[in-house]
Protein chains: 2
Amino acid sequence: MPSPLAHKLNCYVRLSEDDRMCLADAMGPSRMVAPRTDIIHEGDDPRAINVILDGWACRYRQFANGRRQIVSLLLPGDPCDPHVFLLDEMDHTIGAITPVLLGQISGSAMRDLTARSPRLDLAFHRESLATAAIQREWTVSLGSRTGIERLAHLFCELYARLTAIGLADGNTCAMPMTQNDLGDAMGQTSVHINRTLQELRGLGLITLRSRRLTIHDPAALARLAHFDAAYLHRTEVDRIVAC
Amino acid sequence: MPSPLAHKLNCYVRLSEDDRMCLADAMGPSRMVAPRTDIIHEGDDPRAINVILDGWACRYRQFANGRRQIVSLLLPGDPCDPHVFLLDEMDHTIGAITPVLLGQISGSAMRDLTARSPRLDLAFHRESLATAAIQREWTVSLGSRTGIERLAHLFCELYARLTAIGLADGNTCAMPMTQNDLGDAMGQTSVHINRTLQELRGLGLITLRSRRLTIHDPAALARLAHFDAAYLHRTEVDRIVAC
């Protein structure tokens, strides 16, 4: 099975066979995490880098009054921050949305990897920079996009990210988030999300059925969302998709 | 004059005299940027790292219809992403809010700096991680905080960041943003911002006069905002403030 992490990093820098072997060697034993279970908590000391090998997870913050804000989504191949072990404390929680197969790279293994391969060092840095850009784009969405633009933008982004790692099937991809999850990510109630989904369906832009999203007209959805994939910084993505 | 960048980095790792000299040597000639002028545009190739030496700037995205979203604020000592030269293209614009004194470190000088000093490498990485955490917290604010909580949180954050770099004077700090700027950052109209400022004043929490913000009761403002400074990751900040 090709490594989801190598697949993801190869979107930023073309990796050598040696890089792929080093990556595989650096990965500790993997474990399954049940859906709706936390992977690491706010306040924990992040000694290793968690890597999503399969399934979906999210970074979130929870307030004392129960309000939850999902701040980003983690998809197969995503390292949960390649340099996080340099901090003393997590400032947010990471939780599984679906069953998640989780790998780990220790801080010292990450140091060895990046010291040994300038390509891996560059790929991990570009991955971090692209993650920062995605976070900025979520800030833009919540601050400046209307409800329908916001959800359309999320669907465009997820479809583009899943396509880049070979997990879209034509115009269809997984969408395992509930309407509550979508609400927690979009800063809206699930009732509002339900109405917005109906609007998007009514416009003939999407179908959402059995946890699968089909985008009938990607260009029209992107126009509605003011979506421009440049912020994903996927230098090598076309090559990957063609693989 | 002590270097604002060294002051900032010292919040994350205690720098040696040699580190400070290397940083000073790496900095190219500085230049003044007029207020309301762009420093680097979306689409530009970021060949060097811009460093704010004095004044305030912001990262923003502008839509074709004129809507502008300020996604983050850049204060004295802030590098505009220490690894940005590893990307091919800017995904956002950086613009000056006040007159800005701008320094630059070339990509190759940054590589030399971090290869020579593990402390500087660690400090720049921690700075990037803290910047990512700030971006997540802005996402939380826009998604889950009410109007008054959101503005209160921004004031708490700016006051904490300015205190860390020695730019607060007791409970008072600079606040050069107009109500339009605050609206563009908070995803609200300037009319809404004006009303929220009056509410915060009415509660006796702040005074905003002549572009200076005074926080009369920092603990009460933090409670209202659900503000917890942990996400700023300022490991060494207490030592710095005491200097």
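Thresholds, definitions, all that
Residues numbered from 1 in each chain as written. Chains lettered and ligands numbered in written order. Predicted model: local features only at pLDDT ≥ 70, side-chain atom pairs only at ≥ 80, totals over all residues. Heavy atoms only, no water. Contact = heavy atoms within 4.5 Å. Buried area = accessible area lost by both parts, 1.4 Å probe. Salt bridge = Lys/Arg side-chain N within 4 Å of Asp/Glu carboxyl O. Polar contact = N/O pair within 3.5 Å; in protein donor to acceptor, adjacent residues only side chain to side chain. Helix = DSSP H or I, 4+ residues; strand = E, 2+ residues; numbered from the N terminus. Nonpolar A, V, L, I, M, F, W, Y, C, P; charged D, E, K, R; others polar. Pairing = 2+ DSSP bridges. Axes fitted to C-alpha atoms, helices over the stretch in contact; angles between N-to-C directions. Phe/Tyr/Trp six-rings, centres within 6.5 Å; stacked < 30°, edge-to-face > 60°. Buried < 20%, exposed > 50% of the residue type's maximum accessible area, 1.4 Å probe, protein only.

Under an unreviewed UniProt entry, the name given to chain A is Regulation and Cell signaling, and the source organism is Methylobacterium phyllosphaerae.

Asker: How would you explain the interface of chain B and chain A if you had to name every residue and give the values?
Answerer: Accessible area lost upon the coming together of the parts is a frequently used measure of interface size. In this assembly, 39 residues from chain B lie in contact with 39 residues from chain A. Here chain B packs against chain A, burying approximately 3600 Å² in sum over the two surfaces, 60% of which is carbon and sulfur. The largest share of the area that chain B buries against chain A comes from Leu129(B), Arg136(B) and Thr139(B), three residues that together contribute 18% of it. Counting the contacts that link chain B with chain A gives 6 salt bridges. The salt bridge involving Arg136(B) is made with Asp91(A); its shortest N-O contact spans 3.1 Å. Put simply, chain B and chain A have 20 residue pairs in polar contact (both at pLDDT 80 or more) between them. Elements with a contribution of two residues or more to the side of chain B that touches chain A: strand S4 (57-62), strand S5 (68-74) and helix H4 (118-144) of chain B. It is H4(B) that provides the largest number of residues to the side of chain B that touches chain A, a total of 14 residues. Considered class by class, the residues forming the side of chain B that touches chain A number 13 nonpolar, 13 polar and 13 charged.

Asker: Could you give an account of the sheet that holds strand S2 (residues 38-40) of chain A, with specific residues and numbers?
Answerer: Sheets are built from strands that pair by backbone hydrogen bonding, the pairs being arranged parallel or antiparallel. Residues and elements named next belong to chain A. In spatial order, the strands read S2-S6-S4-S5; together these 4 strands make up an open sheet with antiparallel pairing. In the strand order of this sheet, the two ends are held by S2 and strand S5 (68-74), each with one partner. For this sheet, the mean angle separating the axes of adjacent strands, direction not counted, is 35°. Alignment of S2 against strand S6 (residues 93-96), held across 2 bridges, turns out to be antiparallel. Bridge pairing links Ile40 to Ile94 in S6.

Asker: Residues and numbers for the sheet that holds strand S8 (residues 172-174) of chain A, please.
Answerer: Residue and element names in this part refer to chain A. Strand order in this open sheet of 3 strands is S8-S10-S9, and the pairing throughout is antiparallel. The sheet terminates laterally at S8 and strand S9 (206-209), the two strands that pair on one side only. Taken over all neighbouring pairs, the strand axes of this sheet differ in orientation by 20° on average, direction set aside. As paired elements, S9 and strand S10 (residues 212-215) share 4 bridges and run antiparallel to each other. Counterpart to Arg209 in the pairing with S10 is Arg212.

Asker: Describe the packing of aromatic side chains, with residues and values.
Answerer: All names here are of chain A. In the structure shown here, the tally under the stated rule is 2 aromatic pairs over all chains. Both rings, one in Phe227 and one in Tyr231, keep their centres 6.0 Å apart while their planes meet at 85°; by these two values the pair is edge-to-face. Here Phe227 and Tyr231 have matching classes, each one buried.

Asker: With reference to specific residues and values, describe the pattern of salt bridges.
Answerer: Residues and elements named next belong to chain A. For the coordinates displayed, the defined rule picks out 32 salt bridges over all chains. A salt bridge links Lys8 to Glu127; the nearest nitrogen and oxygen atoms lie 3.0 Å apart. On the criterion of sequence distance, the pair formed by Lys8 in helix H1 (residues 4-9) and Glu127 in helix H4 (residues 118-144) is long-range, its members being 119 residues apart. For the pair Lys8 and Glu127, one class covers both residues: buried. The residue Asp181 makes a salt bridge to Arg36 at a minimum N-O spacing of 2.8 Å. With Asp181 in helix H6 (residues 179-186) and Arg36 in the loop between strand S1 (31-33) and S2, this pair connects stretches of sequence that are 145 residues apart. The exposure class assigned to Arg36 is partly exposed, which follows from its relative accessible area of 47%. Salt bridges linked by common partners bring Lys8, Asp78, Glu127, Glu157 and Arg161 together as one network.

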